[in-house]
Amino acid sequence: MTLVPDVASPVAGWRVWTVADRGRGPELVSPVRPMSWIHREPATATCLEGCAACPSVECRCGLYATAGLAPLVLACRRGAAVLGCTALWGRVVEHTDGWRGEHGYPLVLFVMSGLLLDPVSRIRSTRRVTSAVRHGLPSGHDHVTGPETLARELARLYAVPAHPAPGLAADRLRGWARSGGQAADAVRSEAADGLAGRRLGDPAAHARLARRAQELVDAA
Ligand SMILES: [Zn+2]
């Protein structure tokens, strides 16, 4: 594990989110600790253990992202609605299979389901979402919209590409994690290249990332 202070180039990694509408339209929410990723603002990690500089090497705090898909299979089985690549920057702690970062913002999103959490249900909702996914029914105040509608809204609100990808699910991710997941690797590598060269604002780099993302959706 290595601390890379104030990385010159942000890193790009995979992660998942749940989605809740807290009155500002659908928002990405970290699934473990229910922190909103506010539209058009960098998400910033804080530490419940009180680390002054977050993330710290000794702690588990920070915004998480992974190099491959295998660590995300369980979160997807528990009903995370959105898979995506995020940029991480600021203080970044590097692990063997991913990173913990100080700041983050999504780069490209894949909307697996249109499941929106009750905004006040917070962590206890994990069990309810699992049940909702298993039985195909929302429970409590969880709310289901179409993945297409949710993708359109997220793309508009975060100003990043968002693809409906109902074919992506835990089993598919597990298969890709085993087989190498070439389509997924191509997406992350395109996102990382765009960040390293600070080219994602460039329409050509954006088009390349969108093409790789579409290939991943088609492969699902
Ligand atoms: Zn900490």
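Residues numbered from 1 in each chain as written. Predicted model: local features only at pLDDT ≥ 70, side-chain atom pairs only at ≥ 80, totals over all residues. Heavy atoms only, no water.

**Regarding the packing of helix 5 (residues 182–196) against helix 6 (residues 203–219)**
Move 1: Where helix 5 meets helix 6, the closest approach of the two axes is 9 Å, and the angle between their N-to-C directions is 165 degrees. The angle between the axes of helix 5 and helix 6 places the two elements in the roughly antiparallel class. The crossing of helix 5 and helix 6 is left-handed. Where helix 5 approaches helix 6, its residues Ala-183, Ala-184, Ala-186, Val-187, Glu-190 and Ala-191 are matched on the opposing element by Arg-208, Leu-209, Arg-212, Ala-213, Leu-216 and Ala-219.
Move 2: Considered class by class, the residues forming the contact of helix 5 with helix 6 number nine nonpolar, no polar and three charged. (Axes fitted to C-alpha atoms, helices over the stretch in contact; angles between N-to-C directions. Helix = DSSP H or I, 4+ residues; strand = E, 2+ residues; numbered from the N terminus. Parallel < 35°, antiparallel > 145°, perpendicular 65-115°, else oblique. Left-handed = near helix turned anticlockwise from the far one by under 90°. Contact = heavy atoms within 4.5 Å. Nonpolar A, V, L, I, M, F, W, Y, C, P; charged D, E, K, R; others polar.)

**Details of the coordination of the zinc ion**
Move 1: Listed as protein donors to the zinc ion are Cys-47 (SG), Cys-51 (SG), Cys-59 (SG) and Cys-61 (SG); their distances from the metal cover 2.2 to 2.4 Å.
Move 2: In primary sequence terms, the donor set of the zinc ion follows C-x3-C-x7-C-x1-C. Placement of the pair is Cys-51 in the loop between strand 5 (43–44) and strand 6 (63–66) and Cys-61 in the loop between strand 5 and strand 6, with a sequence separation of 10 residues. (Donors = N, O, S within 2.8 Å, 3.2 Å for Na, K, Ca; no water.)

**Some remarks on helix 5**
Because an α-helix packs 3.6 residues into every turn, residues spaced three or four apart end up facing the same way.
Move 1: Relative to the 21 Å expected for 15 residues at 1.5 Å per residue, helix 5 spans 20 Å between its end C-alpha atoms, a close match to the ideal helical length.
Move 2: When helix 5 is considered as a whole, its buried residues turn out to be Ala-184, Val-187, Glu-190, Ala-191, Gly-194 and Leu-195. Here the buried residues of helix 5 occupy an arc of 135 degrees about the axis, which is enough to place them on one side.
Move 3: Phi for Arg-198, located one or two positions after helix 5, is positive at around 45 degrees. (Expected span 1.5 Å × (residues − 1). Buried < 20%, exposed > 50% of the residue type's maximum accessible area, 1.4 Å probe, protein only. Arc of directions from axis to C-beta.)

**Re the confidence of the model for the protein**
Move 1: The share of residues in the protein with pLDDT of 70 or more is 85%, and the mean pLDDT across the chain is 83.
Move 2: Mean pLDDT per element in the protein: strand 1 (residues 2–4) is the minimum at 50, and strand 6 is the maximum at 96.
Move 3: Every residue in residues 135–141 is under pLDDT 50, and counting partners more than four places away or in other chains gives eight contacts. (pLDDT = per-residue confidence, 0-100.)

**Examining helix 6**
Move 1: Relative to the 24 Å expected for 17 residues at 1.5 Å per residue, helix 6 spans 24 Å between its end C-alpha atoms, a close match to the ideal helical length.
Move 2: Regarding helix 6, the residues found buried are Ala-205, Leu-209, Ala-213, Leu-216 and Val-217. The buried residues of helix 6 occupy one face: seen down the axis, they fall within an arc of 115 degrees. Pointing more than 90 degrees away from the buried face of helix 6 are the exposed residues Pro-203, Arg-211 and Asp-218.
Move 3: Buried residues along helix 6 sit in contact with strand 2 (11–21), strand 8 (98–111), strand 11 (162–164), helix 4 (170–179) and helix 5.
Move 4: The residue sitting at the N-terminus of helix 6 and contributing the capping side-chain oxygen is Asp-202; that oxygen lies 2.9 Å from the backbone nitrogen of Ala-204. (Polar contact = N/O pair within 3.5 Å; in protein donor to acceptor, adjacent residues only side chain to side chain.)

**Quick notes on the state of the cysteines**
Move 1: Using the criterion set out here, one finds zero disulfides in the structure.
Move 2: The thiol of Cys-54 is not disulfide-bonded; the next cysteine sulfur, from Cys-61, is found 3.5 Å away.
Move 3: Overall, the relative accessible area of 7% leaves Cys-54 in the buried class. (Disulfide = S-S within 2.5 Å.)

**A word on unusual backbone geometry**
Where the residue is not glycine, phi is negative for most of them; where a peptide bond is considered, it is trans in most cases.
Move 1: Following Cys-54, the chain continues to Pro-55 via a peptide bond in cis, the omega torsion being 0 degrees.
Move 2: Topologically, Pro-55 is positioned in the loop between strand 5 and strand 6.
Move 3: Look at Arg-40: it is not a glycine, yet its phi comes out positive at around 60 degrees.
Move 4: For Arg-40, the position within the fold is in the loop between strand 4 (36–37) and strand 5.
Move 5: On the accessibility criterion, Arg-40 (55% relative accessible area) is exposed.

**Describing the side chain of Glu-190**
Move 1: Mapped onto the secondary structure, Glu-190 falls in helix 5.
Move 2: Using a relative accessible area of 12% as the deciding quantity, one classes Glu-190 as buried.
Move 3: When near neighbours in sequence (up to four residues on either side) are disregarded, Glu-190 contacts Arg-208, Leu-209 and Arg-212.

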